[in-house]
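Survey of secondary and tertiary structure
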Amino acid sequence: MIKFEHVTREFGNQKGVKDLNFEIHSGEITALLGRNGAGKTTTLKLMTGCLTPAAGKMTRQGSLGFVPDHAPVYPEMTLDAYLKFVAELRDIPNSEQGQAIDQIVSKFELEAVLDRIIGHLSKGYQQRIGLAQGLLHNPEILILDEPTASLDPEQQRQTREWLKTLAPRKAIVISSHSLDEVAQLASRILILKDGRLEHDIELRNRPLSNEEIGALI
Amino acid sequence: MKSIKWALIFRREFRSYFQTPLAYSVLSSLSLLGGYLMTSLMAYFQNSLVVTFWLGNMGLISVFLCPLLTMKTFSEERENHTRWLWQSAGISQGSMVWGKYLSAAALWTLILSMSLPIAFIMGKGALIGAGYLGVALVGYVLLAIGMTGAVMFESQIGAALWGWMLGLAFWMLGGIATAFPAPIQTALTFMGLQTHLDQFLQGTISVAAVGMYLISALIWIALSIQILRFRQDLNQRQGLRNGLATLMLGGVALWGISNVNWEVDGSGRIPGTLSAKTQKVLKEL
C-alpha cells in the first residue's frame, strides 16, 4: 500500500533520509524506530505526502489517516464543529457524517466534551481528538507519530488494544519511543540510523525482546 | 459529493476571525479612529468632501490594518500543527492560499461596508461608491502582500512587519518614483497604490487602475502559492523558475492594462477636471 523506491529527502545541512527502499502492506503494524534525528518524522511525512521526495519515488494506494505527534486541532473551535469540519475535509458524504462522528466520539469517549472549546481541554483529551480526526473517515492506511505519548496508562492500553483490532484490515505505521508499545503492537520494525534504513525485521518470523530491539536502535 | 476545498478553508477562516478577539479589536479600533477622523473633518469641510478626505485617510490606515488581518493565517497553522491536517488530506497550496486570502478580503469588505450608510447619507452616491471601491481595492492588494509575508515567516510579528514595510513602500511608490528616470518613473508611478486611489476619490473609475490593483493582488497571491509549494517541495530550481515566471507574467499584464484608456466618471464633473468645490478646497490647502 506504501512503496518507497530509493527515496531521498535532505534539508540543506540538516539531516533527512537517504535512499530508502521498503514496502508496507495491509494487515501489518509497522513500527518505525530510531534515535532522535534518525529520520523517523521525515519518513512519516514523506508517507503522508506532507513532504515530497527530492529523489526517488513514493507511491501510496488507499485513503490515508495521519495522527501527528501534536494533535492538529484548532483551539478556538468546539469539538463538535471541529469533527464536522474534518468530516467535510475528508469528503465524508453529508448523510454519513453524523454516524461517523457518533462512532468516533463513542470510541474515544469524547461525548462529555463534544460542545466544549478544544483549547480548554486537557492534553490527554486533545491527543484523543488527534486520534479521532485521523480515523474519522475510516482510512485504509493509518500513520501515527507517538500516538499514546500524552495518554494515561489506561488510555494507552485501550488505544493499543484498539489498534490491534484495526490491524487486519489496514496498513498501520507507528513511530514510537516506547519499546513496550512496539513489542506489544508491531508485526514488523523498520530501524533508521542517520537517515538510512538499517534493519527491516518481521517480528512474526523472529520475535525480539525489548532489550534486543533497544540494542538495534 | 466532494466539497470545494478553498470554500471549506474560506468558511473556517472567516469564522475563526470572530472566534478570536482579532476581528472585534480591528472593528472597534477602526470605528473609533474612523469616527474621530470623520468628526474632525466635519469641522472643516462640507458633506461630500468629508467622506472623500475620510476615505483618503482610510487608504493610509489600511496599510497598517490589512497586515493585521493576514499575519495569523499561516503561523497559526504551524503553531496548531494543523498544516499536517491539510497536507495529509491532499489540499493543494492554491486552495489554502485562496481560501485564506478570500476570507481576509471578505472581512476587509465587511469592515469597510460598515461605514457605507453614513457615507451615502453625507455624499453623492457615485462619488462615494468610486471612493469606497478604490479603498477596497487598495486593501485587497495589501492583504495579498500580507499573505506573502504570512507564508514566508514563521512568526506573526515577522509577517506583520513585512506587510507594513512593503505596504508602505507600495503606498508611497508614486512619490519615490520621482527620483528615477522617465521610463522607470512611469512604471513605478503606475504601480503606486496611492496614485490611483486619488482618481477613485475624485469619482473616476478607470479600467487601468482597477486592473492594476487586481493584477498586483494576483501577483502576490501567485507568489504566496509558489513560496508555500517551495517550502513543501524544497525544489529550489523549480521554485525560482515559477517565481520568476509569475513576476514576468504579472509585469506583462500590468504593462498591458496600463495602456487601456477607458474610464467611468461618477463625479458629475467634466472628465479630467476637478469640481469647482474640490479645486477651491485644494487651492486653500
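Note that the structure is predicted; figures quoted are calculated from it, not measured.

Section: the environment of Val7(A)
All names here are of chain A. Here Val7 lies in strand E1 (residues 2–11). For Val7, a relative accessible area of 0% puts it in the buried group. Here Val7 is in contact with Val17, Lys18, Asp19, Leu20, Leu46, Pro53, Ala55, Gly56, Lys57 and Met58, once residues within four sequence places are set aside.

Things to note about the interface of chain B and chain A
Listed by partner, the interface residues are 24 residues for chain B and 27 residues for chain A. When the buried area of chain B at its contact with chain A is split by residue, Trp84(B), Leu85(B) and Ser88(B) rank highest and sum to 27% of it. The interface formed by chain B and chain A holds 3 salt bridges in total. Run the count over chain B and chain A and you get 7 residue pairs in polar contact (both at pLDDT 80 or more). Counting only elements with at least two residues in the side of chain B that touches chain A, the list comes to helix H1 (5–19), helix H4 (72–80), helix H5 (83–88) and helix H13 (207–233) of chain B. Per-element tally for the side of chain B that touches chain A: the top contributor is H1(B), with 6 residues. Of the residues that constitute the side of chain B that touches chain A, the class distribution is 7 nonpolar, 10 polar and 7 charged.

Details of the packing of helix H8 (residues 125–152) of chain B against helix H9 (residues 156–171) of chain B
Residue and element names in this part refer to chain B. As a packed pair, H8 and H9 sit with axes 8 Å apart at the nearest point and diverge in direction by 140 degrees. The orientation of H8 relative to H9 falls into the category oblique. The interaxial crossing formed by H8 with H9 has right-handed handedness. Contact residues: H8 offers Val138, Leu142, Ile145, Thr148, Gly149, Ala150 and Met152, while H9 offers Ala159, Trp162, Gly163, Leu166, Gly167, Phe170 and Trp171. For the contact of H8 with H9, the residue count by class is 10 nonpolar, 4 polar and no charged.

Focus: the environment of Pro75(A)
Within the secondary structure layout, Pro75(A) lies in the loop between strand E5 (64–67) and helix H2 (79–89). Note: C-alpha distance between Pro75(A) and Gly65(A) (10 residues apart in sequence) is 21 Å. When near neighbours in sequence (up to four residues on either side) are disregarded, Pro75(A) contacts Ile117(A), Ile118(A), Gly119(A) and Asn80(B).

Side note on the confidence of the model for chain A
In the predicted model, chain A carries a mean pLDDT of 88, and 99% of its residues have values of at least 70. Averaged over each element, pLDDT in chain A is lowest for helix H7 (residues 210–216) of chain A (77) and highest for H2(A) (95).

Section: the side chain of Ser16(B)
Assignment of secondary structure puts Ser16(B) in helix H1. Side-chain polar atoms of Ser16(B) contact the side chain of Lys72(B), separated by 3.2 Å. Setting aside its immediate chain neighbours within four residues, Ser16(B) contacts Glu76(A) and Lys72(B).

Calculation rules
- Residues numbered from 1 in each chain as written.
- Chains lettered and ligands numbered in written order.
- Predicted model: local features only at pLDDT ≥ 70, side-chain atom pairs only at ≥ 80, totals over all residues.
- Heavy atoms only, no water.
- Helix = DSSP H or I, 4+ residues; strand = E, 2+ residues; numbered from the N terminus.
- Buried < 20%, exposed > 50% of the residue type's maximum accessible area, 1.4 Å probe, protein only.
- Contact = heavy atoms within 4.5 Å.
- Buried area = accessible area lost by both parts, 1.4 Å probe.
- Salt bridge = Lys/Arg side-chain N within 4 Å of Asp/Glu carboxyl O.
- Polar contact = N/O pair within 3.5 Å; in protein donor to acceptor, adjacent residues only side chain to side chain.
- Nonpolar A, V, L, I, M, F, W, Y, C, P; charged D, E, K, R; others polar.
- Axes fitted to C-alpha atoms, helices over the stretch in contact; angles between N-to-C directions.
- Parallel < 35°, antiparallel > 145°, perpendicular 65-115°, else oblique.
- Left-handed = near helix turned anticlockwise from the far one by under 90°.
- pLDDT = per-residue confidence, 0-100.

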